[in-house]
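# Observations on chain architecture
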Amino acid sequence: KNQVEQSPQSLIILEGKNCTLQCNYTVSPFSNLRWYKQDTGRGPVSLTIMTFSENTKSNGRYTATLDADTKQSSLHITASQLSDSASYICVVTPGREYGNKLVFGAGTILRVKS
Amino acid sequence: DGGITQSPKYLFRKEGQNVTLSCEQNLNHDAMYWYRQDPGQGLRLIYYSQIVNDFQKGDIAEGYSVSREKKESFPLTVTSAQKNPTAFYLCATSLTSGSYNEQFFGPGTRLTVL
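Quick look at the structure, then. (Residues numbered from 1 in each chain as written. Chains lettered and ligands numbered in written order. Predicted model: local features only at pLDDT ≥ 70, side-chain atom pairs only at ≥ 80, totals over all residues. Heavy atoms only, no water.)

### Some words on the side chain of T79 of chain B
Residue and element names in this part refer to chain B.
- Following the sequence through the fold, T79 ends up in the loop between β8 (76-78) and β9 (87-94).
- Take T79: its relative accessible area is 17%, and that puts it in the buried class.
- In contact with T79, not counting residues within four places along its chain, are R13, Q17, N18, G63, Y64 and S65. (Helix = DSSP H or I, 4+ residues; strand = E, 2+ residues; numbered from the N terminus. Buried < 20%, exposed > 50% of the residue type's maximum accessible area, 1.4 Å probe, protein only. Contact = heavy atoms within 4.5 Å.)

This is the structure in structure tokens:
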């Protein structure tokens, strides 16, 4: 069964600190992996996308890594800000035979405190 | 959220009533999707449409119905057959249904059954 597991479930950090969120997946075959940010009560917004041949992608203070051999990805947030408080969702797209049916993780809820 | 509107933002329903959630887009995207989000779970696909006048069931279609009469619109009806409809509903669109195309999400509708 195609699954995406994220850890931790929730995280509290102080403003200015760094943090790393984890994503493990069993989706196979695999097309691409995305990280989304979802503010409370809003729709998710894409942060990064990586294909199986890419192992890192940055978007400002957000850096995603991918190890396709171990089926693991991480999202590193540098110098956190209060506005980073949100849920971060790891999303995997299976291979072509599964169409565009994305497999979503449950998300990591990040709270940045001042 | 740009270009995708969902209405209403909050919706209350009495048991036994059907309700319709609106999703409109001006992105000229062919594909549209409906997801359901519950606390602690990943988004789950209800229905999707790759083109006008065509739609397919997702993973949890029971108790829901959709139509796609116009490219811009993909309304979702939550029927009385849906036993646990209280959730956050997200509409998404993508340029086509290809696996690399990003899905853009609307702001969501929170449905509560009284």
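### Describing the state of the cysteines
Residue and element names in this part refer to chain A.
- Evaluation of the coordinates by the stated rule reveals two disulfides over all chains.
- C23 shares a disulfide with C90; S-S distance 2.0 Å. One disulfide, between C23 and C90, carries an S-S torsion of -65 degrees and so falls in the left-handed class. One end of the pair, C23, is in strand β3 (residues 19-25); the other, C90, is in strand β9 (residues 86-94), and 67 residues separate them in sequence. C90 shares its class with C23; the two are buried.
- With no disulfide of its own, C19 lies 15 Å from the sulfur of C90, the closest cysteine sulfur. (Disulfide = S-S within 2.5 Å.)

### Things to note about the pattern of salt bridges
- On inspection of all chains with the given rule, the structure shows five salt bridges over all chains.
- Of the charged contacts in the structure, one is a salt bridge between D84 of chain A and R61 of chain A, with a shortest N-O distance of 2.8 Å. Residue D84 of chain A is found in the loop between β8 (72-77) and β9, and its partner R61 of chain A is found in the loop between β6 (56-59) and β7 (62-67); the two are separated by 23 residues along the sequence.
- Ionic pairing is found between R44 of chain B and D38 of chain B, a salt bridge with its closest N-O pair at 2.8 Å.
- With a relative accessible area of 29%, R44 of chain B lands in the partly exposed category.
- A network of salt bridges, in which partner residues are shared, links R36, D38 and R44 of chain B. (Salt bridge = Lys/Arg side-chain N within 4 Å of Asp/Glu carboxyl O.)

### Side note on the sheet that holds strand β3 (residues 19-25) of chain B
Residues and elements named next belong to chain B.
- Spatial strand order, β1-β3-β8-β7: four strands in an open sheet with antiparallel pairing. Looking at which strands have only one partner, the edges of the open sheet turn out to be β1 (4-7) and β7 (64-66). This sheet shows a mean twist of 20 degrees between the axes of neighbouring strands, independent of strand direction.
- Both β3 and β8 contribute to a ladder of three bridges, which runs antiparallel. Its bridge partner being in β8, T20 is matched across the sheet by T77. (Pairing = 2+ DSSP bridges. Axes fitted to C-alpha atoms, helices over the stretch in contact; angles between N-to-C directions.)

### As for the packing of aromatic side chains
- This model, assessed by the stated rule, comprises ten aromatic pairs over all chains.
- Ring geometry for F104 of chain A against F105 of chain B: centres 6.4 Å apart, planes inclined by 80 degrees, an arrangement best described as edge-to-face. With one member in each of two chains, F104 of chain A in strand β10 (residues 103-104) and F105 of chain B in strand β10 (residues 104-105) form a pair that bridges those chains.
- With centroids separated by 5.9 Å and ring planes inclined at 75 degrees, the aromatic side chains of Y47 of chain B and F55 of chain B adopt a geometry described as edge-to-face.
- In this structure F55 of chain B comes out as partly exposed when scored by relative accessible area, which is 37%.
- Here the basic side chain of R61 of chain A rests over the ring of Y62 of chain A, its NZ or CZ set 5.7 Å away from the ring centre. (Phe/Tyr/Trp six-rings, centres within 6.5 Å; stacked < 30°, edge-to-face > 60°. Lys NZ or Arg CZ within 6 Å of the ring centre and 35° of its normal.)

### Details of the interface of chain A and chain B
- Each partner contributes to the interface: chain A provides 21 residues, whereas chain B provides 26 residues.
- For the pairing of chain A and chain B, the buried interface totals around 1,800 Å² over both sides, and the portion due to carbon and sulfur atoms is 50%.
- Scanning the region where chain A abuts chain B turns up zero salt bridges.
- In this structure, the connection of chain A to chain B is made through three residue pairs in polar contact (both at pLDDT 80 or more).
- Tallying contributions element by element places strand β4 (residues 30-38) of chain A first for the side of chain A that touches chain B, with five residues. (Buried area = accessible area lost by both parts, 1.4 Å probe. Polar contact = N/O pair within 3.5 Å; in protein donor to acceptor, adjacent residues only side chain to side chain.)

### Some remarks on the sheet that holds β3 of chain A
All names here are of chain A.
- What the five strands build is an open sheet, ordered β1-β3-β8-β7-β6; its pairing is antiparallel. Across the chains shown, the open sheet's two edge strands, defined by having one partner strand only, are β1 (4-7) and β6. Strand-to-strand twist in this sheet, taken as the mean axis angle between neighbours without regard to direction, amounts to 15 degrees.
- Note: β1 against β3, four bridges, orientation antiparallel. Its bridge partner being in β3, E5 is matched across the sheet by N24.

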